[in-house]
Amino acid sequence: MTYPPNGSTAPPGHGAVPTMPTVPPQQQLPQQTRGAAPPAPAPPGAPAEHRRTAWAEGIDRLKSAATTEPGRLRIIGAVLALLVVAFGATTAWQMTDRSAAADDVLHSSQPLSADAADIYRSLADANTAASSGFLAGGQETKAVRDRYENDIRTAAEKLVTAAASTDPGSPSAATIAKLNKLLPEYKGLIERARANNRQGFPLGGAYLRYANDKMQDQMLPAAEDLYTKENQRLRDDYDAATPYPWIAIALGVVAIGGLAWAQRRNYRRTNRVFNHGMLAATAASTVVLLWLVVGHTVARSGLNASYDHGVRSLSVLHDASIASLKARGNENLTLVSRGAETVQVNGRTEDKYNVDFEKQMATLGDKLAAASALAEGDTAAAKPVTAANGGMQEWRKRHKVARAADDDGNYQGALDKIIGSKKDKPTGDCFDLVDENLDDALAHEQAQFSADAGNGRDAMTGLSVGAAVLAVLAAAGALIGIGRRLSEYR
């Protein structure tokens, strides 16, 4: 017999009441949205209300990476590589500019400055030779004639060289064109003066004075202007070649400092003394920085020496030579004009050309004193300057004697003392002594300039390319060093 179980719970069967499943609580909608239509979708192309920019997401990822050691290492490696590459690129850029400027000093601007000075000197010397030949009349020597022709030829050749090296349309090009136009005009006047003088016509002296005025008032000022412009160009090249590359030096210091900090950080975290990659990067960066500082210091020293003992001395010697040539020309013209042109000096009537002679001789004395001071300590440079100064002093003495004879009415005696005779030593010998020694001094200073400027330029040879190559190697070393540390986290 079967008995039902004890308890009040009804046994399963057809008459049992089924149990209802539990319904989870429903989320209540806000009161204001009950019964409302669902929000319309945003129109196409409209920005999402909470969309983040790529920059913000990148910053978040960078912040997230910076919280882990591998992330920090990657950032450090990228910064170090960027610093080293920037250091190398800046060094290459700045040293390329300075090397190009130094090369221009040696091969472009200084030679052009010297050519401009030679144009001035050739024109002044041609004028002097022409007046000397005029004084000799029909007895003009072949040496004087050849000297005049050589001076005219030299001036023409130098003008061609200067024109080829000058930018079209520049002020220098206009000055050269002016001189090219005036040169044949001057030469024509000299030939007319010679032709009339050989026939004994007084008109020859007028033509010579007219030619001298054209030379003094138009040609020599134009040549001096060209010389001034080329000297300014030379100074600009020096200014571009000699300043220290401070930007590259600063970047080098920062890059090496960053590498040192990274290695110290690595040591403190791992107790490893050396990281070969970063050590190689530090060594390469240090080599570039030392090469940059030492190389440019040597180059700067050579260029400064070429300016102080070359360009400055050349400028003073050129001025002395020009003053000597002008003085000789005025001395000759004093006898050519025979008092036809006068000026008032302190209430007295003086011969114009003799007054100019005294001015040029005073300039010559000042320039020789300056050249002697610049040549102090250099025997080879001082010797010709001393000899030129001695010639100038003797020239002054002989000129006074010639002027005394002319003032006394002894024109032939004065002429003999200027151009020479069997019994008189002419002032022309003193002029030649001054001129020859100044040429020797100029040749010495030109050689000194070339040597010093060449040494300065050579000190920068290969620095641009070497800095770029070493910077790439240093950046690779830094990345390799960081990569070795990152491999420990894989």
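All values derive from a computational prediction rather than experimental measurement.

*Asks:* Would you mind showing me how to read the overall build of the chain here?
*Replies:* Looking only at helices and strands, the chain has 12 helices and 2 strands in total. Listing the helices and strands of the chain from first to last along the sequence gives α-α-α-α-α-α-α-β-β-α-α-α-α-α. Evaluated residue by residue, the chain yields a buried proportion of 43% over its 490 residues. In the chain, 82% of the contacts between residues at least 6 apart in sequence involve partners at least 24 apart. By element, 57% of the accessible surface of the chain is carried by carbon and sulfur atoms, the whole surface being about 26600 Å².

*Asks:* What is the right way to read the layout of surface pockets from this model?
*Replies:* Here the idea is plain: a probe the size of a water molecule rolls over the atoms and shows the empty space left. Approximately 400 Å³ is the volume attributed to the largest pocket. Contributing to the lining of the largest pocket are 20 residues, with Ser132, Thr141, Val144, Arg328 and Ile419 lying nearest its centre. Taken together, the elements giving at least two residues each to the lining of the largest pocket come down to helix H2 (69-136), helix H3 (142-164), helix H10 (411-419) and helix H11 (427-458). It is H2 that contributes the most residues to the lining of the largest pocket, 6 residues altogether. Residue classes in the lining of the largest pocket are distributed as 8 nonpolar, 6 polar and 6 charged.

*Asks:* What am I meant to see in the confidence of the model for the chain here?
*Replies:* The predicted coordinates ought not to be read in detail in places where the model reports low pLDDT. With 86% of its residues at a pLDDT of at least 70, the chain reaches an overall mean of 83. The least confident element of the chain is helix H1 (residues 54-66), whose mean pLDDT is 71; the most confident is helix H8 (residues 352-374), at 92. Low pLDDT, under 50, characterises residues 7-19; the stretch is placed with 1 contact to residues that sit more than four places away or in other chains. For the stretch residues 29-36, pLDDT sits under 50, and the model shows 2 contacts to residues farther than four places along the chain or on other chains.

*Asks:* Mind showing me how you'd approach the nonpolar core here?
*Replies:* As a rule of thumb, nonpolar side chains are buried together in soluble globular proteins. Among the nonpolar cores identified, the biggest contains 89 residues, and Leu123, Tyr186, Leu364 and Trp395 are the most heavily contacted of them. Residues contacting Tyr186, with those up to four places away along its chain left out, are Ala126, Asn127, Ala130, Tyr148, Ile152, Ala211, Lys214, Met215 and Met219. Counting 16 residues, the second-largest nonpolar core is a separate cluster that includes Ile76, Met278, Ala471 and Ile482.

*Asks:* Mind showing me how you'd approach the pairing of strand E2 (residues 348-351) here?
*Replies:* Moving residue by residue along a regular strand, the side chains alternate between the two faces of the sheet. Where strand E1 (residues 342-345) and E2 come together, 4 bridges link them in antiparallel fashion. Bridge assignment links Val343 to a residue of E2, and that residue is Glu350. Hairpin geometry of E1 and E2 is characterised by an intervening segment of 2 residues between the two adjacent antiparallel strands and by a positive phi of about 55 degrees at Asn346.

*Asks:* Can you help me understand a nonpolar patch on the surface in this one?
*Replies:* Residues Val293, Val294 and Val298 make up a contiguous nonpolar surface patch of about 220 Å² in total accessible area. Mapped onto the elements, Val293 comes out in helix H7 (residues 276-337).

*Asks:* Explanation requested: the packing of aromatic side chains in the structure shown.
*Replies:* When we look at a pair of aromatic rings, we describe it by the centre distance and by the angle of the planes. For the structure shown, the criterion picks out 4 aromatic pairs. Judged by centre distance (6.0 Å) and plane angle (65 degrees), the ring pair of Phe357 and Trp395 falls under edge-to-face. Here the residue Phe357 occupies a position in helix H8, and Trp395 occupies one in helix H9 (residues 379-407), the gap between them amounting to 38 residues. Assigned by exposure class, Phe357 and Trp395 land together as buried. When the centroid spacing of 5.8 Å and the interplanar angle of 65 degrees are considered together, the rings of Trp395 and Phe431 count as edge-to-face. With Trp395 in helix H9 and Phe431 in helix H11, this residue pair connects regions lying 36 residues apart in the sequence. Across the pair, Phe431 and Trp395 agree in class, each one buried. Joined through ring pairs, the aromatic side chains of Phe357, Trp395 and Phe431 make up one cluster. The ring of Tyr148 has Arg194 lying over it, and the distance from NZ or CZ to the ring centre is 4.5 Å.

*Asks:* Any chance you could explain the side chain of Asp452 here in plain terms?
*Replies:* Within the secondary structure layout, Asp452 lies in helix H11. The buried charged residue Asp452 lacks any salt bridge partner; its closest oppositely charged side chain belongs to Arg312, at an N-O distance of 12 Å.

*Asks:* Help me out: how do you make sense of the packing of H3 against helix H4 (residues 171-198) in this one?
*Replies:* Each pair of packed helices can be described by the angle between their axes along with the distance between the axes. Closest axis-to-axis distance for the H3/H4 pair is 10 Å, and the angle between their directions is 165 degrees. When the axes of H3 and H4 are compared, the pair comes out roughly antiparallel. The handedness of the crossing between H3 and H4 is left-handed. Where H3 approaches H4, its residues Arg145, Tyr148, Glu149, Ile152, Ala156, Leu159, Ala162 and Ala163 are matched on the opposing element by Ile176, Leu179, Asn180, Leu183, Tyr186, Lys187, Ile190, Glu191 and Arg194.

What counts as what
Residues numbered from 1 in each chain as written. Predicted model: local features only at pLDDT ≥ 70, side-chain atom pairs only at ≥ 80, totals over all residues. Heavy atoms only, no water. Helix = DSSP H or I, 4+ residues; strand = E, 2+ residues; numbered from the N terminus. Buried < 20%, exposed > 50% of the residue type's maximum accessible area, 1.4 Å probe, protein only. Contact = heavy atoms within 4.5 Å. Areas by Shrake-Rupley, 256 points an atom, 1.4 Å probe, with all protein chains shown as cover. 1 Å grid on protein atoms, 1.4 Å probe; cavity = no way out; pocket = protein on both sides within 12 Å on 5 of 7 lines; lining within 4 Å. Points joined across faces, edges and corners; volume = space filled by probe spheres on them. Nonpolar A, V, L, I, M, F, W, Y, C, P; charged D, E, K, R; others polar. pLDDT = per-residue confidence, 0-100. Core = buried A, V, L, I, M, F, W, Y, C linked by side-chain atoms within 4.5 Å. Pairing = 2+ DSSP bridges. Patch = residues over 30% accessible without salt bridge, like charges linked within 9 Å, V, L, I, M, F, W, Y side chains within 5 Å. Salt bridge = Lys/Arg side-chain N within 4 Å of Asp/Glu carboxyl O. Phe/Tyr/Trp six-rings, centres within 6.5 Å; stacked < 30°, edge-to-face > 60°. Lys NZ or Arg CZ within 6 Å of the ring centre and 35° of its normal. Lys, Arg positive; Asp, Glu negative; His and termini not counted. Axes fitted to C-alpha atoms, helices over the stretch in contact; angles between N-to-C directions. Parallel < 35°, antiparallel > 145°, perpendicular 65-115°, else oblique. Left-handed = near helix turned anticlockwise from the far one by under 90°.

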